[in-house]
Structure formats: C-alpha cells, structure tokens
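Report on the structure
Listed here are the chains, written in short residue letters.
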Amino acid sequence: MALKGAEIMKKLPKTNCKECGFATCFAFAMKLANGAAGLDQCPYLSPEVRAELEGAMAPPIRLVTIGTGKNAVAVGEEEVMFRHEKAFFHAPGIAVRISDTLDDSDIEEAIERIKGLRFERIGHELKADLIALSHDSGDRERFEALVKKAAGACDLPLILVSEDTDALFAAASLCADKKPLVYPVTRENMEAAVPRLKELGLPAGVRGNGLDDVIAVTTGLKAAGVEDCVIDAGAGNMMEGLRDQTLIRRAALKKGFRPLGYPTLCFPCNMYGDKYEEALAISVLMIRYAGIVVTSLMEKEFIFPLLVHRFNIFSDPRRPMTVEEKVYEISNPDENAPVLISTNYALDFFIVSAAIEEAGIPAFLCIKDTGGIGVLAAWTSGKFTGEAIADFLDRHKVEQKVAHRKLIIPGVAKKLKDELEEELPAWEIVLGPSEAGDIPKFLSKESNA
Amino acid sequence: MILIGEDLNVMSKTISQAIKDRDPEPVKQYVEGQAKNGMDYLDLNVGPVKKAPAETMEWMVDTVQGCTDIPLCLDTTNPEAMEAGLKRCKKKALLNSASGTEESRQTMMPLAKKYGSGLVLSVINDTGLPSDADERAGSILESLEYAGELGIPNEDIWIDPVLMPVGVDQRQVLAYMEFIQMIPDLAPGAKSVCGLSNLSYGAPKELRGLLNRTFLVIIARYGQDAAIVSGFDAELVRLVRGEMPETVSLIHRAMDEDDVDLSGLSKEDQAYVKTAQVLMGKTLYSNSWLEV
Amino acid sequence: MTFEAPLEKYAVKIREVALGTGEKARNIGGEDTLPFHFFEGALPNPPGLALEIMDTAPRNWAAPVLEPFGDAVSDPVDWGKRCVDDFGAEILFLRLASTDPLGEDTAAADAAETVARVADAVQVPLVVWGTAVEDKDAEVLVETARVCAGKNLLLGPVLKGNYMEVAQAALEHGHAIVAQASMDANLTKELNIALCKFFPPEKIVVDPTSSALGYGMEYTFSIIESIKQFGLVDKDKMMQMPVLADVGVECWRTREARENREQGILWEAITGMTFLLAGANLLILRHPEVLGLIRKMISE
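Note that this is a predicted model, so its numbers are computed, not measured.

Conventions we followed
- Residues numbered from 1 in each chain as written.
- Chains lettered and ligands numbered in written order.
- Predicted model: local features only at pLDDT ≥ 70, side-chain atom pairs only at ≥ 80, totals over all residues.
- Heavy atoms only, no water.
- Helix = DSSP H or I, 4+ residues; strand = E, 2+ residues; numbered from the N terminus.
- Buried < 20%, exposed > 50% of the residue type's maximum accessible area, 1.4 Å probe, protein only.
- Areas by Shrake-Rupley, 256 points an atom, 1.4 Å probe, with all protein chains shown as cover.
- Lys, Arg positive; Asp, Glu negative; His and termini not counted.
- Charge placed at Lys NZ, Arg CZ, Asp CG, Glu CD.
- Axes fitted to C-alpha atoms, helices over the stretch in contact; angles between N-to-C directions.
- Parallel < 35°, antiparallel > 145°, perpendicular 65-115°, else oblique.
- Contact = heavy atoms within 4.5 Å.
- Nonpolar A, V, L, I, M, F, W, Y, C, P; charged D, E, K, R; others polar.
- Patch = residues over 30% accessible without salt bridge, like charges linked within 9 Å, V, L, I, M, F, W, Y side chains within 5 Å.
- Salt bridge = Lys/Arg side-chain N within 4 Å of Asp/Glu carboxyl O.
- Buried area = accessible area lost by both parts, 1.4 Å probe.
- Polar contact = N/O pair within 3.5 Å; in protein donor to acceptor, adjacent residues only side chain to side chain.

Bringing the overall build of chain C into the picture now. Across its full length, chain C holds eleven helices and ten strands. A principal-axis box enclosing the C-alpha atoms of chain C has dimensions of 65 × 45 × 35 Å. Counting the 300 residues in chain C, one finds 64% classified as buried. For chain C, the accessible area works out to roughly 10,400 Å², and carbon and sulfur atoms hold 50% of it. Positive and negative side-chain charges of chain C, numbering 27 and 45 respectively, have mean locations separated by a distance of 3 Å.

The structure is reproduced here in structure tokens:
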C-alpha cells in the first residue's frame, strides 16, 4: 500500500460514527490501507478528499499481470529498495526467448525445453515463467506462425517482440486472450499502438532511449488510458541496467513519481554473447529491480542456478524459510547409524545437515515441523516438546529404521531431555552439541564409543 | 503503570524444582519479595505443563493465594491448566495469553468469557509475528472483532504487541513503540501490556535491568498501561512510581533531543541516556552500546 | 514535470584498508556510495578478487576446481604462483587448513613458516586464514604475525574469543585483520567496538560469514547490504569497515556445484556477484574461471 493507515486517518472525519462498519475511524483507516475495506464505506468523504485518497492509495509501482490463469505472471507493487527493509513481493519473471528465424523443428524443441525448465526445491516449484517470441526474420508470416505455435503448445504467458508495429499487433491479435505483453511501445509508434492496446486489452512493453524518453511514453499512454506498462530504458549492459532500474525504483518509491511507477523489463539476451556473462547479468538485474528479464539461455545448468537465486532473494525475510518435515538420510545410513532430531528452520537444517555430511558419518536427521522456528522457541510453544517428538518418531516409524534406541537432541534443549526420557522410556536421550560446528567432533566420538 | 511480577516462572530453577516437589516455601518467598516491591499482579508461569496440568496449576494458585491478596495473572499455553487456574482464582484474574491464531480463538479466548477474567491478547496470528506496526494493527483489529463476538469488551482486553529483543531485531522495538501509540484510536478502552524482559534477551546479564528500566520509562510516556517485569527490581518500581523524576526527565530529553550533554551527569544517568538513545533507534544496537 | 534523476549522496565513506606492501599492494573499500553506483558517487577501489589456496593438498575439493591446477596443489608456493601468474589473482587467500586440531594439527611455527614462504614467493597481498578454532588460531595467527612482520598480511578470522591476542599481534607487527561475527549486524558492531579500543579501524575488514546460493545466501546478502546502510546512510562509524566474503569454500561443498562443472562455476559466480552487489569489498574464490568472469563483469 502506498499510504499507511496513520496517514489515511488524517483525512477521515474522525467522528468514530461506525457507519463504515468499523469501531473507529482509525480501524477503518487500517483496513483501507490493507485493501480490506473500500472508500465507498464512508459516507462522509468529500469528492475531493475521496479522489485525493484514491490517488494516494494507489501503489507507487503499478502491478502488471501478463498472461492468464494459474501461470499468469504479476510484477510490480514493490514497497522497498532493500529486501531487509520489509520484503520484495513479486519475484521477476524469467522469459526465455525464441526467435522466428529458427526452423519448425527447432522451435518445437525450444518450446519443449522451456516447458521442461521446472524444478523442485524444498517443496517449492521453480520454473521459467514466460516465453518471449522475437520477430527477427522480417517475415510477418513466420512470426505469426511462431506465435500461433507457442500459444498452442503451452500455457506460459508470452512476450511478443517486433520492431514492426503492425506485425506486432497482428500477431498479438492471434493470442490476445492469453494477454501477452507487446514490445516495444515507443515514442515513435505510440500513436498507432494505443488504439490496438486498448482494443486488445494488453499490457504495454515500453521502450525508451533513457529515462526521459520512457517518461514521455508512459505519460502519453496514461493520458490515453493505457496504464498497464512494463518499462525498459534501453540499457545495453548490466551496469546500465542496474543504474536505470535503481533510479526508476527510487523515483517511484521515494519521490512518488508516477511516470516511472511501473515494473521494469530488460533484455540480458541482447547484452552479452557469452552465456556465463548473460547469466551473471541476470542474477544482478533480478536483484536490482527487474520486473521481467528476457534470456536466451535454455540449458538447465544455467537456468537452475538462476531460479534458485531468484527463490532465495525473493523469499520473505520476515518469515523463516522451512524445509519439509521428514527423516532425512545423510550419506546412506544403515540401521546402526545415529539418529538426530531438530526443527525445520531451513538455515539450521542446511547448517546441521552440512555438518553431518562433513563429518562423513552416515546418519538419520529427523526434521520436525515447528513452523520454522528454532529449538527453544519451539519447545516453549509446545511444538518441540517430548510429546510432540514422540509423536513424530511414531508417525515416521523411526523405530523401524534403526536397531539401536539412541536419540541425539540439540544441546540447547536441556529441558527437553527429561521430557523425552519420560515419553520414550525405550530410548536413550543424548544431548548433542549446542553448536552445529561441533557436530563432526561429536559424531566421531559417538561412533567410536 | 500496572506492574505484573514475572518471577514465579518455570524457567527459574528454584521455582521449577518447587513445582516438581510441591514445595510451597520457595513460592512463598518469591510472592513475599514481589509483593514487598510493590507489584500489582503476580504472573504464574507454569509453562506448557504437560504433566498433570490442572493439578499443577491449582497447586500453584492455591499456594500463592494462601499468602497474598494480590490478583493473579495466569501464564500457560495449556488450556486445561488455564481453566483449572481461572476456576481457582478468588479475584478477577488475567488470562495470559490468547492470540490471533485459530487454535487460540477456539481454546483460550472463550475461557476469558467463561470466567470473566481479563484477557491478554497477543498480536501473533496464524501467519506468525507481525513485522511492523501496521501489521500489528491489522492483526489486533481482527482479534478484537472476534473477541467482541464472544462478548468480551475492550475494557477487559490487554493488548500485547509482542516485544522483541533489541539485539535480535531492533526495528521490531521501534515498531512496538509506534504501535502502542496507535492503541487508543485503534481499540478505545483496551489496555496495553508487554513482557518487558523480552527486550533485553541476549544482552549482557548485568545490563539487562538497565535496558528494561529505560524502555519502561520510554513506553510509559507513550501511554503503556501495564508491563510484566522483574518483580524484584526496586529501581524499576521507583522509576515508574515517580520517585526518580530527574532521571525520568533525562530519559525524556534523550528521546526528544539529538544530543544530550553527558558532562556533569552521574555514571548511572549517563547510562540511562545512552540506553534511551539506542532504544529510540538513533544508533544500531550492539551489546557494547555503553562503551561507544 | 521535468525529471531530475534522484541521486543520493552520503557524507561519509567506507574506510580504505591497505593490503600487502610494495608494487602489488592494493586497497579495498574507500567508496562513498552503494556498490556499482558510479553514477552518483566515487568507488576508488574495485572489489578485490582473491583466489584461495591451502597449506596442504586438498582432500575433498570438487574436481572442476582442482583441474586448472593439477599437481601444483601439493605445494602452496607452486599453487600460489599458478594463481597469480597463470590466472591473474591480484590477491591470494591462504587457508591454513592443516592447523585444524581435529586434523593434522600443524604447529604454529610450521604454519607461520609456510606463510612466509608463500609471501616471499608471490608479491601480491596475502590473506591468511585459520580454522576458526579460537585457541589454535590465536597461536597460529600470532606466530604468523611475528614471523611475517612488516608484510601487512590480512589475518583472520579474528573472533570474539581470541581478538585480544590476535589483534595485538597484528598491531605490533604491522598487519590488518578480518573480524568475523556470525550473520548478525549487532555482533559485528560489538566486535568492532571492542577492537577499536586499541586497534586502528582502518586496518579492520569485517566478515559476517558467508553462505552459498541455495544454502542461506540471502541471509548473508541482507546482512552485508544492511552493514553498508548502517555505515553509509546511518553514518555508524563502527560499521564503516570493508567487507570480506569467503565464497569458494561454501559453494564448492554443495551437491549442486559438485554435480556439474558449468553449474558449479555459476554457483560460485552467482554467489560471489550477489555479495559484491550487496557491498562485499573482497571476494575469496576457488575457481579461476569465476575470477575471470567476475572481473570482466565488474569492469564494464
């Protein structure tokens, strides 16, 4: 939200009349800020105040959706420059480009490869989320054939790229129901583009030669009633892209400058000939405020690291990342391998499992779901108590995996030891180290004992 | 400022052992000490109490009520223990606590209505801990609506915005201060309460009291109604009961002014000023904040 | 509405720390703006890119990383020279892995001698790193400081439990230090305050502890970004030290990096680049190709 509750409050009547359905004006203001209430609900706002609030409440960076259905990609509506200030809300879309200069079978293969760029990581799906279709052949029919094929062969949202405005919109009308992004819309072709954009209801990929040019286009488009824009200031390399996108986001967030209040679009595929360089540029530009990146890369070895990177950076720093609850088998444990248990806070999981791997000692690492909170807090709130752990061991049939009955618990959880001894009389409860760094030494000693 | 003494707590080895052994003596001593220091409520924290919850809580309540008239604040996550305790309380008790989670709404909140107790209502909900003042406001508004439907009036509600350790997330401490100032407009008639010692969790042991006391003075100025505090901290009581007006005034100046001249101030007062500045977010917290 | 680009100027700088001596000495830090913001401030020193070598042949390094070096890895001097001469490392990072008490437990005197040999053989600045076992590191780093007096090494990790001895030795014998705290800005500040009571701030580099892509990278990223904010924007003097990120070791132990060469290179390159973007001033890498790649990208 652009305006905070306390700021909205200043414009309200402050009578606490309750006619909006809330107990106080302040409560109403909070709900408005959250989008959980509408300005309509207050009968006492003058038209001027209403208009003012409506304008101010609009998010400083517009939310633009490309595509439809479950694969639609929504970008924009960001609130901060740095993820630690709050969070980044919409991960950038990664669009893989196919050129119409490819022959049919290569195009089919490319589409399949792109569809195959999906991976699972700690219970989440990571995938390339758009296809960019590029008109490079100069032959309109070829371009339209490409667009038809792609639109028919997969559900991913599309970006249509052509310097020939007529060809661009002719192709767009073939798949308008899929709500593709059309690019470029420039100062030169704006006039011709506007009626087509409005008629087809499509978002505009604006390109300008620098920020001033972009501003001229977005201003013109807005005046003409086109507000769904993704903007490209024409950066030719990574550093320029970083600069442009930083200044755009700053203008939108810190200056409330609406003509640049849009998500951005960049083309690393046009910036570098070398795959590694392109990949690195993408990793940087995704952090520095890209809404969409268009890439030429289709190899798993290049896309997968970028997907993990995006997943990491766009995780919400306010919510602990969690891993799946289960019994993890590290280095092929057998029935004599030690059994350890901890919480599902992802960072702890990575550190503990890495320490175990480093020790070179096969082990079972039981990970209990505690909503991502650490050992002590989880114990206090009843999620990592003797009872809860006994229940875990039962559900995951841990007794069947090992011949021994020794359970190693995190060293900080001293109170847990007594509880577990009561709940699990058949098990010996051992306090492990308090620091993950001491795990290898500890496990060594245990295996020699 | 309503002060709730926190020391009858299962985290204390002495009390934990006393509960285990059903030995009333240590409990009585703790009651006496906190009462003498001027606590308005006594918090009885029996923890998740998996073993014999009702019986344990009853014993605790009986033992405490056997040697004092001070009203009680019952502190447990176990609804069975909570209900048993509320039944046993002679005076209007405080239920510590319910939250915005679905589970708490079902198991804890109705108990406050049933037994006519006060209700400590935390801003935590099923999404977790709100990350800023606005999110806290959103959470508490929803909880208040639900409490209202259950028939619990704002006057019986003590809002806990959940104070985080300054060494873990300093911004959450700033969010806390921002939020309590919203409460009168957000929830007219409701009170604010906090677990003050949370603030200094992780800080050097000998400096925890200083952090807690300074913060209490700051939030008192912002309208804080109640706090769960170290029941034996005599200086804390003096500070908030108006017996150290100059120090309080200094802390207020540290809140308002960018630079307070430390020359001529006693070591203790210098420490209060520096602490106030850090708590107000004027500089990044570190455990050595007094040494800079 | 004419548009004025919203440039930001900060009134302070990150301190400049000098590494090494002689012709190949170089500085890190010194910037008065955010990473790569050439358009609004001055960044006098490009980030330092170091290649890692160990004082003993590695037993568990990923194959793609060992491949460029062949047999050279069995001697730190050979290895170091390969890094500098063949792969253009402008800084060398020597990890004294053999001093690990749980491993070979090499004596401090022997380790110090190895450092001296390497330092004499290569002219580039040398970062010397222990095993983060506080007592042992104190011995090793103190002895190294003495034996290599005047060489202006960068010694680390300096930890809460051993900073007194190590920093004192660094001060006496003319070296800089890396203060390491675990993923926590408050702890970083605390250690710096303790150090600055007797140690010059302009010889301190901080290491908030790194983690690899997919294994906690974002935590390190945000800590480094916030350290820069505290230093430049909030002007916190105790947060104006340049930052080191030890990336190679973290990345090449991951399954993902080890299972495929290209993926491994990208794993290290993306992690390293991400930390540079956050504000790291000195990057410790393992694969020479990653060094070349990053150097090219940041020289645009």
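Let us look at the packing of helix 9 (residues 205-221) of chain B against helix 11 (residues 245-256) of chain B. Residue and element names in this part refer to chain B. For the pair helix 9 and helix 11, the least separation of the axes is 10 Å and the interaxial angle reads 75°. In terms of orientation, helix 9 lies roughly perpendicular with respect to helix 11. Along its contact with helix 9, which presents Thr214, Val217, Ile218 and Arg221, the element helix 11 presents Val248, Ile251, His252, Met255 and Asp256. Across the contact of helix 9 with helix 11, the residue classes break down as five nonpolar, two polar and two charged.

A separate point is a nonpolar patch on the surface. Taken together, the side chains of Leu376(A), Val412(A) and Tyr201(B) present a nonpolar region at the surface, about 290 Å² in accessible area. Its place among the elements puts Val412(A) in the loop between strand 16 (406-409) and helix 15 (414-423). When its relative accessible area of 38% is taken as the criterion, Val412(A) is described as partly exposed.

Once that is clear, we can look at the interface of chain C and chain A. Between chain C and chain A, the contact holds 47 residues from the first and 47 residues from the second. Interface area for chain C against chain A, summed over the two sides, is near 4,300 Å², with a carbon-plus-sulfur share of 69%. At the boundary of chain C and chain A, one finds six salt bridges. In this structure, the salt-bridge partner of Lys254(A) is Glu8(C), at a minimum N-O distance of 2.7 Å. There are 16 residue pairs in polar contact (both at pLDDT 80 or more) connecting chain C and chain A. Elements supplying a minimum of two residues to the side of chain C that touches chain A: helix 7 (217-233), helix 9 (255-259), helix 10 (261-278) and helix 11 (288-298) of chain C. By residue class, the composition of the side of chain C that touches chain A is 27 nonpolar, nine polar and eleven charged.

As a further point, take unusual backbone geometry. The omega angle of the peptide bond from Tyr183(A) to Pro184(A) is 0°, so this bond is cis rather than trans. Looking at the secondary structure, you find Pro184(A) in strand 8 (residues 181-185). Residue Ser97(B) is reached from Asn96(B) by a cis peptide bond, and omega for that bond is 10°. On the secondary structure map, Ser97(B) appears in strand 4 (residues 94-98). Positive phi values are uncommon outside glycine, yet Lys18(A) reaches one of about 75°. Mapped onto the secondary structure, Lys18(A) falls in the loop between helix 1 (5-9) and helix 2 (25-34). Unusually for a residue other than glycine, Lys179(A) sits at a positive phi of about 50°. Along the chain, the position of Lys179(A) falls in the loop between helix 6 (165-174) and strand 8.

Before going further, it helps to spend a moment on the interface of chain B and chain A. The interface of chain B with chain A comprises 25 residues on the first partner and 22 residues on the second. The shortest N-O distance in the salt bridge between Arg319(A) and Glu135(B) comes to 3.8 Å. Looking at which element gives the most residues to the side of chain B that touches chain A, the answer is helix 7 (residues 133-150) of chain B, with seven residues. Of the residues in the side of chain B that touches chain A, the class split is ten nonpolar, four polar and eleven charged.

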